[in-house]
Amino acid sequence: MYRLLLCDDNKSFLLNANGMIQRNYSDVFEVDTVSSYEDIDKTVFYDVLIMDINLQDSKRNGINVAHELLQNSKSLQVIFASLYHEY
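Residues numbered from 1 in each chain as written. Predicted model: local features only at pLDDT ≥ 70, side-chain atom pairs only at ≥ 80, totals over all residues. Heavy atoms only, no water.

**Observations regarding the overall build of the chain**
Then, in step 1: Counting its regular elements, the chain contains 2 helices and 4 strands.
Then, in step 2: Helices (α) and strands (β) of the chain occur, in sequence order from the N terminus, as β-α-β-β-α-β.
Then, in step 3: Whereas a compact globule of 87 residues would reach a radius of gyration of roughly 12 Å, the chain reaches 12 Å, a difference of no more than 12%.
Then, in step 4: Taken over the C-alpha atoms alone, the chain extends approximately 35 × 30 × 20 Å along its principal axes.
Then, in step 5: Looking at the chain as a whole, 38% of its 87 residues qualify as buried.
Then, in step 6: Taking contacts inside the chain between residues at least 6 apart in sequence as the whole, the part at least 24 apart equals 68%.
Then, in step 7: Summed over its atoms, the accessible surface of the chain is roughly 5500 Å², and 51% of this surface lies on carbon and sulfur atoms.
Then, in step 8: For the chain, the separation between the mean place of its 7 positive charges and that of its 13 negative charges on side chains is 4 Å. (Helix = DSSP H or I, 4+ residues; strand = E, 2+ residues; numbered from the N terminus. Rg over C-alpha atoms; globule rule 2.2 N^0.38 Å. Buried < 20%, exposed > 50% of the residue type's maximum accessible area, 1.4 Å probe, protein only. Contact = heavy atoms within 4.5 Å. Areas by Shrake-Rupley, 256 points an atom, 1.4 Å probe, with all protein chains shown as cover. Lys, Arg positive; Asp, Glu negative; His and termini not counted. Charge placed at Lys NZ, Arg CZ, Asp CG, Glu CD.)

Laid out in C-alpha cells, this is it:
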C-alpha cells in the first residue's frame, strides 16, 4: 500500500480528489488530506504528494513544501495542482 498526501487549501478539491482516489484506488493508496503545511504529519513518509502550488493560509508555497518533504524522502513523487493559469 502506498501513502498519498493531498495538500490543498480548497476543501472542495480535497473532497473530490480524495473521493475519486478512494473509489478507484482504495486498494493501492492510503490517503491523508490536509489544507495547510502546518497540518502535515512530518513523521510520516509519503510515496506520492499532490500539492497545491499556491497555499493561501501558509507562509510557504507548495513548491517550498514539496522541497522540504523531499529532504526526508528522496523517493517521493510530486504532482503539483493549481487553478492559476500562470502556474
